[in-house]
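Residue-level listing of the chains:
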Amino acid sequence: MLAVRNGSFACHGRSQYVAAGGETSDSVPCESDVPQGSVLGPLLFSLHVAPVSDFAAAHHFNIHQYADDIQMYTAFQRTTKSR
């Protein structure tokens, strides 16, 4: 169910989690959402995910964003052990 609260969209009965490297975080309730199929959906989604690029830059991650797909990555240099 979708409800408008204080000018933003709120979703009910949905949750989200992060999965990476075979591990899964705890599931937490989704507090806001962009309604699918709405005229303003693409704009609202863009505004919703805009801070992701700020986070990536602050933590030296590279980022690729296209439509609703976001990839963050970083590179590490292999170091050799000294004997």
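Nothing here was measured: the structure is a model prediction, and the numbers come from that model.

Peer 1: Go over the environment of Ile 63, please, and point to the residues and values.
Peer 2: Tracing the backbone through its elements, the reader meets Ile 63 in strand S7 (residues 62–66). When its relative accessible area of 26% is taken as the criterion, Ile 63 is described as partly exposed. Along the sequence, Ile 63 and Tyr 73 sit 10 residues apart, while their C-alpha atoms lie 6.4 Å from each other.

Peer 1: Can you lay out the confidence of the model for the protein for me, pointing to particular residues and giving the numbers?
Peer 2: Per-residue confidence for the protein gives a mean pLDDT of 77, with 80% of residues at or over 70. Low pLDDT, under 50, characterises residues 1–9; the predicted model gives this stretch 20 contacts beyond four residues in sequence or across chains.

Peer 1: Tell me about the environment of Phe 45, and please be specific about residues and values.
Peer 2: Turning to its location among the elements, Phe 45 is positioned in helix H1 (residues 41–58). When its relative accessible area of 25% is taken as the criterion, Phe 45 is described as partly exposed. Remark: the alpha-carbon pair of Phe 45 and Ala 67, spanning 22 residues in sequence, is separated by 9.2 Å.

Peer 1: An account of the layout of surface pockets is requested, with residue identities and associated values reported.
Peer 2: By volume, the second largest pocket amounts to about 250 Å³. Lining the second largest pocket are Gln 16, Tyr 17, Val 18, Ala 19, Ala 20, Ser 25, Asp 69 and Ile 70. Those elements that place two or more of their residues in the lining of the second largest pocket are strand S4 (19–20) and strand S8 (69–73). Across the lining of the second largest pocket, the residue classes break down as five nonpolar, two polar and one charged.

Peer 1: Describe in detail unusual backbone geometry, supporting the description with residues and values.
Peer 2: For His 60, which is not glycine, the phi torsion reads 60 degrees and is therefore positive. Checked against the element boundaries, His 60 lands in the loop between H1 and S7.

Thresholds, definitions, all that
Residues numbered from 1 in each chain as written. Predicted model: local features only at pLDDT ≥ 70, side-chain atom pairs only at ≥ 80, totals over all residues. Heavy atoms only, no water. Helix = DSSP H or I, 4+ residues; strand = E, 2+ residues; numbered from the N terminus. Buried < 20%, exposed > 50% of the residue type's maximum accessible area, 1.4 Å probe, protein only. pLDDT = per-residue confidence, 0-100. Contact = heavy atoms within 4.5 Å. 1 Å grid on protein atoms, 1.4 Å probe; cavity = no way out; pocket = protein on both sides within 12 Å on 5 of 7 lines; lining within 4 Å. Points joined across faces, edges and corners; volume = space filled by probe spheres on them. Nonpolar A, V, L, I, M, F, W, Y, C, P; charged D, E, K, R; others polar.

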